[in-house]
Each structure stands twice: as C-alpha cells, then as structure tokens.
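Per-entry structural report
Listed here are the chains, written in short residue letters.
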There are 2 protein chains.
Amino acid sequence: MTKLAYRFSDPSLAQLALTHRSAGRPNNERMEFLGDALLGVVVAELLYEAHPNASEGEMSRLRAQLVNGQALAVLARELELGDELKLGSGELKSGGFRRDSILADAFEALVAAVYLDAGFDACRAVVRSLFEPLVAAIPRSSKDAKTRLQELLQARGWPLPQYDLIDSHGEDHAKTFDVSCEINEPAQVRAEGRGTSRRAAEQDAAETVLRRLQELNS
Amino acid sequence: MTKLAYRFSDPSLAQLALTHRSAGRPNNERMEFLGDALLGVVVAELLYEAHPNASEGEMSRLRAQLVNGQALAVLARELELGDELKLGSGELKSGGFRRDSILADAFEALVAAVYLDAGFDACRAVVRSLFEPLVAAIPRSSKDAKTRLQELLQARGWPLPQYDLIDSHGEDHAKTFDVSCEINEPAQVRAEGRGTSRRAAEQDAAETVLRRLQELNS
C-alpha cells in the first residue's frame, strides 16, 4: 500500500479490500459496492466544480469515461495493487492479478476501506488526488450538443438530424418549448427536449440523442 | 422547507434545488446529478451496515428499491416540496408540482444543496434520518438466492433452474468452484458463479440470474 497517499489506522481494512472472492470469505465484494458509490459522488463533485456549464447528461457521460472497469484498472496498476492482491490459487495461477475486472474491483474496495477507516473527508482527499489530473485533462468541450451531434453524423456521412417543434406553452415572457430531434442513421433515434427557448429545447433533445447513440455503442 | 430537518445557511441553494428547468436557468438539473450520487452513497452505507450478510447483488437490488423516482417522490411529498417548487407557467398549469419525476428530481437536488451548504456529514445526517426507517422496514431476507430463484419460478409454474459444475481448481484446502445456472422460462438466462464451495458458487450464479430477471422486468 506504499503507493497510496494514505496510511490506514486499521490495516485489516486494506487487507480485506485486496482480498478477491476466489480467496474465500470474507472478501472485498461488499466493500466494492460501497466504494463504487463513493467514487461516484467524489467524481461527480469534481465534474460539478470543473464544468460549471455542463449539463447533467454531459457530466454523466464524463463520469462514465472516468469511472469504468478499464479506467479503474489503470489506476490500480499505478498503485501496484496487483502485487498485493490476495487471490485463490486458481486465480493466482491464471494470472488474476493482471485482470482488469479484479484490479478495478480491488480499487473500488480500497476506496471504501479508506472511508471506513477515516471517514468521508479522508476518502474524498484520496480519490480527488487520483482523479483531479484526469478531470483536468478533459478538453473543456465548448461545443454544444447540437454541434457535437452534427459533427458526429457528418464525420460518417450520415444524414443530419431533423428538429421539429412539438409544442410551446406558457405566457410570452415565460414560454416553454418542446422539440423533437430525430436521426435515421446509424439507428433510428428520436428524443424530445424542453427548454425556455427553441434553441435550448433543441440542445436538450440533441443531448439525449447523443447519449442514446453512446449507449448503443457501449 | 419547514419539514426538512435542516436549516440552510445559504437559502439560495435551497431555492435553486427547487427550481425546475421549466422555470429557466439556472435550475436544479446539475444539482440533481450530484444529489443522486450522494443518495447512492448514503443509502449504500445504510444497507452495508444493516445487512452484513447481503451480497453486493442484494444490496444493489435493495438500493434500487429505495432510490428510484417513485420512492423519492413519496419522500418529496412527505416534505411537501410540491408547494415550494418553482415551475414555469406551463408546468404550473399542467400540475407539474404533483408529478413524480419533478418531485423526485427536486428531492435529489435538495440533498445536493445540503451537501453544498454544509458538507457531507450534514447531508448524510439528513438522508439517514429519512432512509433509516425505510431500511429498517426491509424484511431481513434470510432466504438465499437459490431459494428465492426457485420460489420465483415455482410461483409461476416455470421449470426449475439447472446447475452444472463447470470447473474446480486450486489445492484441496483452497478450492474454487465454477458453476453455471440456467433457466429457460420466462427467458433463456444463463450465468456463471464462483465460490469456495459448490453451493456457494451456485448461490453466486443464482444471484446473477435473479438480477438479470429483474433487469428484464424493469
């Protein structure tokens, strides 16, 4: 645990975090559940601070880029967690200490172990120190959702999206617009958006279409 | 905000949390992202404490029961958030203050507002006071995953699952078992499980099958 910027008061928590289920019980599976939630909130806060203009959808997308099995395995390797994993003999022989999923799970469990050892602020500090450089490296996409969708479709030679006004309601000074955005390639996707201007509603709808496209790819 | 067991130092945070996007910008959408993550971690911790024998899969399932749009709307109504929502005139006329999704979003945003106002411990205390009774009301399912899966299938007259040993490895005193669990009704679902006994591996596989069935239903 030399590479982690944290010293455990109770080292047995760190040991449990590094015990894979192949080594029997107790193991790190329950801690992983808690660690995943803790990572979720600390990275959410980092994005909330660093991207004050990002929509909820954009922040979700960015977080999914930063917190996923592959990305966490990279961090686990930087912390050299593989050397300290406790694995069953089968996993040991088949090289489980090198496997992304096992490393990512141990990383999540370790985040929970810090929380259980010393509370939220300690856990937050550890997670922030690891993720701050990654959040800072995200290009500040000044491109709005409509532009990103258009560029994505154009890059592949697909037809541009069609935006339609569905409805607008409210008094003149406080109108709400409902708009649809529809694409036919690479799949038929249609989403509705809402906003206080037609343009804002279109951005909202385009954001949803972008997210669905990403889900189709994942 | 009289019903919430918390007094804001900065009341503008509470106001923002209760501002729906139909009322323009800034609104509560970004706070909702942070609040969702905060609820996730505080409820995860409650379940971690209250169900020391629950697997990761069971805790996920229980959390999804407690933290979803409908459940959060119930809490929002108990806190009478509907009366304090700031909505655009369209939503106001169409009764948006009664809609589950709008209420649930405001509740999530309010959780984030407490965090931004006073930090994690204050936020945790507010969320725990609301969720502790709900967590305590969960029947402590002493039924294991194999039993629950069997009962679910029997209740609908579907065939029982088939468990097969795929592999076992490791030395005698530290063996690991890989087992598959397969069902054909209501859909063909097959999952593999692993454990330090054949029975534990079967429980693990059954848990995954139960989760997939739940995903099919949701």
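Residues numbered from 1 in each chain as written. Chains lettered and ligands numbered in written order. Predicted model: local features only at pLDDT ≥ 70, side-chain atom pairs only at ≥ 80, totals over all residues. Heavy atoms only, no water.

Chain A is annotated in an unreviewed UniProt entry as Ribonuclease 3 from Dyella japonica A8. The record in UniProt for chain A states the following under Catalytic activity (unreviewed entry): "Endonucleolytic cleavage to 5'-phosphomonoester." As its UniProt record puts it under Subcellular location (unreviewed entry), chain A is described as follows: "Cytoplasm". (UniProt positions renumbered as here; feature names shortened; annotations may be inferred.)

Description of the domain arrangement of chain A
All names here are of chain A. Assigned domains of chain A: these are domain 1 (11–136) and domain 2 (145–217). On a C-alpha basis, the centroid separation for the pair domain 1 and domain 2 is 35 Å. At the junction of the two partners, domain 1 supplies four residues and domain 2 supplies four residues. Carbon and sulfur atoms supply 39% of the area buried between domain 1 and domain 2, which totals about 360 Å² over both sides. Taken as a group, G57, E58 and R61 account for 84% of the area that domain 1 buries against domain 2, more than any other trio of residues on that side. Applying the counting criterion to the domain 1 and domain 2 interface returns one salt bridge. For E58, the salt bridge identified is with R148, shortest N-O distance 3.0 Å. Across the contact surface, domain 1 and domain 2 share two residue pairs in polar contact (both at pLDDT 80 or more). Classifying every residue of the side of domain 1 that touches domain 2 by side-chain character gives no nonpolar, two polar and two charged. (Domains from an automatic or database assignment. Contact = heavy atoms within 4.5 Å. Buried area = accessible area lost by both parts, 1.4 Å probe. Salt bridge = Lys/Arg side-chain N within 4 Å of Asp/Glu carboxyl O. Polar contact = N/O pair within 3.5 Å; in protein donor to acceptor, adjacent residues only side chain to side chain. Nonpolar A, V, L, I, M, F, W, Y, C, P; charged D, E, K, R; others polar.)

Some words on the relation of the copies chain B and chain A
Under the fitted operation, chain B is carried onto chain A by 0.1 Å of movement along the axis and a turn of 180 degrees, and the coordinates agree to an RMSD of 0.2 Å. Expressed as a symmetry operation, the mapping of one chain copy onto the other fits a two-fold axis. An overlap of 95% is found between the interface residues of chain B and their copies at the interface of chain A, pointing to a shared contact surface. (Least-squares fit on C-alpha atoms with pLDDT ≥ 70 in both.)

A word on the pattern of salt bridges
The tally for this structure, following the rule as stated, stands at 34 salt bridges over all chains. Across the pair E202(A) and K146(A) runs a salt bridge, and its minimum N-O distance is 2.5 Å. One end of the pair, E202(A), is in helix α9 (residues 198–217); the other, K146(A), is in helix α8 (residues 145–155), with 56 residues separating them in the sequence. Residue classification places E202(A) among the buried positions, given a relative accessible area of 10%. A salt bridge links R199(B) to D144(B), with the nearest nitrogen and oxygen atoms 3.1 Å apart. (Helix = DSSP H or I, 4+ residues; strand = E, 2+ residues; numbered from the N terminus. Buried < 20%, exposed > 50% of the residue type's maximum accessible area, 1.4 Å probe, protein only.)

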